[in-house]
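One letter stands for each residue in the lines below.
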Amino acid sequence: MGDRGVIAVGKYKWEPRGQNHGGFHFDVKLTDDEDNDGHNVYLESKVEGYSWSRLYGVQRKTVTLKKVIYDGAAQITSEAWIRACRDRGSLRPDNCSDAVYRERPRQR
């Protein structure tokens, strides 16, 4: 996933209910591949019923972002989205990739 200036490659999964809080788990390498544009990159994630949350990268570097998004209600949610963005400042809109959708597997 990515857009010009930002690349995010990694793994995304739902933890089973009762394990690791039953949250949405991702392990992503976020890369700023536009060395001279002066903009930072970030990863946004959203779990059903919650707003987008941001994890910032570092200009001109690759960082690993590992996170489990959860709370008590997250164990009953079933949808999550994640996208990579380039922060272009306050005067221009950010560039973001299309959101990657992940649905919790049905448990038996």
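Structure shown above.
The following paragraphs examine the structure supplied in this document. Computed from a prediction, not measured in an experiment: that's the story for all the values here.

On inspection of all chains with the given rule, the structure shows 1 disulfide. For Cys85, the disulfide goes to Cys96, at an S-S distance of 2.1 Å. The sign of the 110° torsion about the S-S bond sets the Cys85-Cys96 disulfide as right-handed. Taken together, the residues span a long stretch of sequence, with Cys85 in strand β7 (residues 79-87) and Cys96 in strand β8 (residues 95-96) at a distance of 11 residues.

This paragraph deals with the nonpolar core. Of all hydrophobic cores here, the largest spans 17 residues; its most connected members are Phe24, Phe26, Leu30 and Leu43. Other than its neighbours up to four places away in sequence, Phe26 contacts Lys11, Tyr12, Leu43, Ser45, Leu55, Leu65, Lys66, Lys67, Ile69 and Ile82.

Okay, the environment of Tyr42 next. Within the secondary structure layout, Tyr42 lies in strand β4 (residues 40-47). Accessibility expressed as a relative area gives 1% for Tyr42, which makes it buried. Taking the C-alpha atoms as reference points, Tyr42 and Asn20, 22 residues apart in sequence, are found 24 Å from one another. Ignoring anything within four residues of it in the chain, the contact list for Tyr42 reads Leu30, Arg54, Leu55, Tyr56, Gly57, Arg83, Ala84, Cys85, Arg86, Asp87, Asp94 and Cys96. Side chain to side chain, Tyr42 and Arg54 meet in a polar contact 3.2 Å long. Of the polar contacts made by the side chain of Tyr42, one reaches the side chain of Asp94; its length is 2.5 Å.

Analysis parameters
- Per chain, residue numbering runs from 1 following the sequence as it is written.
- The predicted nature of this model means local features are confined to residues of pLDDT at least 70 and side-chain atom pairs, given and counted, to a pLDDT of 80 or more, with totals for whole chains, interfaces and linings taken over all residues.
- Only hydrogens and water are set aside when side-chain values are computed; all heavy atoms of the structure are taken into account.
- Put simply, a disulfide is two cysteine sulfurs that come within 2.5 Å.
- Helix numbers and strand numbers start at the N terminus; a helix is a DSSP run of H or I with at least 4 residues, a strand a run of E with at least 2.
- To form a nonpolar core, buried Ala, Val, Leu, Ile, Met, Phe, Trp, Tyr and Cys residues must be joined to one another through side-chain atoms within 4.5 Å.
- Between buried and exposed lies partly exposed: a residue is buried under 20% and exposed over 50% of the maximum accessible area for its type, with that area taken using a 1.4 Å probe on protein chains only.
- Should any heavy atoms of two residues lie within 4.5 Å, those residues are considered in contact.
- A 3.5 Å cut-off defines polar contacts: any pair of N or O atoms within that distance qualifies, except that in protein one atom must be a possible hydrogen donor and the other a possible acceptor, and neighbouring residues in sequence count only when both atoms are side-chain atoms.

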